[in-house]
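Below are the chains, spelled out letter by letter.
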Amino acid sequence: MLTTLMSLGRRLIEIRRFVVLSMFFRHVRVLPLLGAALSDGSRGMRFRVRSTVGSMVAAVMAVGFVSFMPTGFAQQPESAASGPPPAKVALTGGRIIPVVGPEIATGTIVVEHGRITAVGPTDEVKIPYDAMEVDVSGKVVMPGMIDPQSWRGLDVSNENLPVAPFLDVYDAIDPSRLYFEDALRDGVLAIHVIQADNCVIGGLSRVVKPIGLTPDEMTIAAQNGIKMSITPKRGFDRMRQLTTLRETFAELDWYLEQLAEQKYEESLEEKEKKIDVGPAEARERGKDLIKDEDYDDKHANLMRLRRGDFGAWIFCGAAMDVQPGITLATDEGFLDNAVFILGAEAHKAVTQLKAAGRPVLLPGNLYYRERDQLTGELKEVFIPSEIHDAGLMFALQPNPGGSLAEAYLNYQAAMCVRNGIPRQTALEAITINPATMMGVGDELGSIEPGKIANLVVMSGDPFDFESWVELCYIDGILAYDRARDYRLEKQLELEATRAEQAKAEEDATKGKPDDDDGDDSAEEGDEATSEGASAEGSSEEGDGDGDGDGSGESGDTGGGDQ
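All values derive from a computational prediction rather than experimental measurement.

Note that strand S3 (residues 104-112) and strand S4 (residues 115-121) share six bridges and pair antiparallel. Following the sheet pairing, Val111 is matched in S4 by Ile116.

As a further point, take the packing of helix H5 (residues 238-270) against helix H6 (residues 279-286). The geometry of H5 relative to H6 is characterised by a closest axis approach of 7 Å and an angle of 85° between their N-to-C directions. Accordingly, the angle class assigned to the pair H5 and H6 is roughly perpendicular. Residues Glu257, Gln258, Ala260, Glu261, Lys263 and Tyr264 of H5 pack against Pro279, Ala282, Arg283, Arg285 and Gly286 of H6. Broken down by class, the residue content of the contact of H5 with H6 amounts to four nonpolar, two polar and five charged.

So, on to unusual backbone geometry. Even without a glycine there, the phi angle at Val99 is positive, about 75°. By secondary structure assignment, the location of Val99 is in the loop between strand S2 (88-96) and S3. One non-glycine residue, Asp475, adopts positive backbone phi at about 55°. The residue Asp475 is located in the loop between strand S20 (469-474) and strand S21 (477-481) in this model.

With that settled, consider the packing of H5 against helix H7 (residues 297-307). At a minimum axis separation of 11 Å, H5 and H7 run at an interaxial angle of 100°. Accordingly, the angle class assigned to the pair H5 and H7 is roughly perpendicular. Contact residues: Thr248, Phe249, Glu251, Leu252, Asp253, Tyr255 and Leu256 in H5; Lys298, His299, Leu302, Met303, Leu305 and Arg306 in H7. Taken together, the residues that form the contact of H5 with H7 break down as seven nonpolar, two polar and four charged.

Below, the discussion takes up H7. The α-helix winds at 3.6 residues per turn, so residues separated by three or four positions along the chain end up facing the same way. Among all positions in H7, only His299, Ala300, Asn301, Leu302, Met303 and Leu305 are buried. Buried positions along H7 lie against strand S9 (201-204), strand S12 (225-229), H5 and strand S13 (311-316). Following H7 by one or two positions, Gly308 adopts a phi angle in the positive range, close to 90°.

The subject of this paragraph is the side chain of Ser446. As for its placement among the helices and strands, Ser446 is situated in the loop between helix H13 (432-437) and strand S19 (455-458). Within the local environment of Ser446, its side chain forms a polar contact with the side chain of Glu448, the two groups lying 2.6 Å apart. A distance of 2.6 Å separates the side chain of Ser446 from the side chain of Lys451, its partner in a polar contact. Excluding residues that lie within four positions of it along the chain, Ser446 makes contacts with Pro98, Val99, Val100, Pro143, Ile432 and Lys451.

Under the definition given, this model contains 33 salt bridges. Here Asp292 makes a salt bridge to Arg307, at a shortest N to O gap of 2.8 Å. Residue Asp292 is found in the loop between H6 and H7, and its partner Arg307 is found in helix H7; the two are separated by 15 residues along the sequence. Looking at Asp292, the relative accessible area reads 44%, which means it is partly exposed. Taking relative accessible area as the criterion, Arg307 reaches 41% and is therefore assigned partly exposed. For the salt bridge of Lys348 with Glu345, the shortest nitrogen-to-oxygen distance reads 4.0 Å.

Let us now look at the sheet that holds strand S10 (residues 206-208). Pairing in this open sheet of four strands is mixed, and the strands run S7-S8-S10-S11 from one edge to the other. With one partner strand each, in any of the chains shown, strand S7 (145-150) and strand S11 (219-221) form the two edges of the open sheet. Shown here is a sheet whose adjacent strand axes are inclined to one another by a mean of 30°, direction ignored. In the sheet, strand S8 (residues 188-193) pairs with S10 via three bridges, with the strands oriented antiparallel. Considered in S10, the bridge of Ile191 is made with Val208. Contacts between helix H3 (residues 178-185) and the sheet are confined to S7, S8 and S10, with S8 contributing the most and set at about 140° to the helix.

Thresholds applied
Each chain carries its own residue numbering, running from 1 in the direction its sequence is written. Owing to the predicted nature of the model, reporting of local features is limited to residues with pLDDT of at least 70; listing and counting of side-chain atom pairs is limited to 80 or more, with chain, interface and lining totals taken over all residues. To obtain the side-chain values, all non-hydrogen atoms of the structure were included, while hydrogens and water were left out. Between any two strands, pairing holds if DSSP finds at least two bridges. Secondary structure elements are defined from DSSP: runs of H or I of at least 4 residues count as helices, runs of E of at least 2 residues count as strands, and each element is numbered from the N terminus. To get an axis, fit a line to the C-alpha atoms, keeping to the stretch in contact for a helix; angles then go from 0 to 180 degrees between the N-to-C directions. Every angle not falling under 35 degrees, over 145, or within 65 to 115 is termed oblique; those three ranges are roughly parallel, roughly antiparallel and roughly perpendicular. It only takes one pair of heavy atoms within 4.5 Å for two residues to be counted as in contact. Residue type decides the class: Asp, Glu, Lys and Arg count as charged, Ala, Val, Leu, Ile, Met, Phe, Trp, Tyr, Cys and Pro as nonpolar, and the leftover types, Gly among them, as polar. Partly exposed residues are those whose accessible area sits between 20% and 50% of the maximum for their type, while under 20% is buried and over 50% is exposed, using a 1.4 Å probe and protein chains only. By the criterion applied in these results, polar contacts are pairs of N or O atoms within 3.5 Å in which, for protein atoms, one can donate a hydrogen and the other can accept it, and in which residues neighboring in sequence qualify only through two side-chain atoms. Should a side-chain nitrogen of Lys or Arg be within 4 Å of a carboxyl oxygen of Asp or Glu, the pair is scored as a salt bridge.

In structure tokens, the structure reads:
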């Protein structure tokens, strides 16, 4: 009896925790989309459990789910009755872009426990009897897009210390940043959170999903890589930047030699023997005695970098930075795990990059413009074309500071197609390529059996800019539904209100000039009045064009870029 009461008490505590978290999301709305994460209904989409037996199974699962459901997918109270997310989901009837392999005009994707188990034409895929079927007919399903590097989820973009490989972005990720909400709304379902370029050597990066209450819940892959910069950080010149890099690794070598000698001496002391060789030989013998726990925090991650435990993300802002970056990576033994982050001018070193054979991350601004010093002619280069022609793997990143739509990854890819790059290559540059660079290509970046079910349902082709994201699934669970996007709904309402006000002002202005169909004598009698009204209407029209919608929209755009 006592055991039963204790079990019941624990269950009540878990239920209370779930209700408190649900109320928190309802009122705070840090991520308004979380309220729809567990919903089994969606406006504009048909959801149904395929059989009565399936409904019974779902009901039974709901009884035990509350005690172990992920906190990041807490429901809002109004949808609490809908129950837990289904263990099995089938997206049917949509056009599927798997990235690897040909597109499927009308296909089905089966997801079980967060992973894709089957994908193919609808008439060839068997749907489990207990799966929730989601009809996405007329829609396009593609893998979640991937942001290959971003500091925007951190509390600060760079550290004050020039060399800080002992740090980890885990300690600086802020899950409440609106950046994560925007990423989910844009179909970006994996983000490589890494420090920005104003460093010499930064801390450890992390691959996260844009949903969750803590960095642990958000994490896809921890300790993914280290950022280092060949381009001088603020306050440094190139000589100081490169000297600092060389000194860092030279000091690492010295530290390893001292540690090896120390470990050899300790091994002799355990055997009660005296040192019998010189320092050089002692260091050589002591190398194999060093264990991971023997490294101090200052040097551990640099040693792991050399060993190939994670990658080096090397920023080269200018063409002259590329060869020093390649040389450093070669000398220190991590070239095979290096990714080169290019500035706009760095494409000029494409010959060196091709010789190194490593993948590259292109700048957010895909065009490089330069004026010829002799002729004064302005030349324009589309950077992805240069890299693609060299046969290098590349990934695209958004440009949140752009004046157009460069903040969207699918727009960046569409620009590549417009400039002659094959569609397949452009798709890979926002999905499988960044996943491969981050070392998670076997989990993300394409729609294949066995991979994590990070899926985006779009209203149309991803390269058609009139298309938008309708649904997002992360780990096979509905994480975003545009029909339930509270913040987007309010923004659209505000824009509609402004448009209505502008139209009303325009209509009012048009109604104030003289009426040609009216009585001639009335027109003559009221000529002065009509002229006054016309002048007043012109003044209002000028105010509307100069200070009304135009400035308001400009303000909104600025706010969206932060």
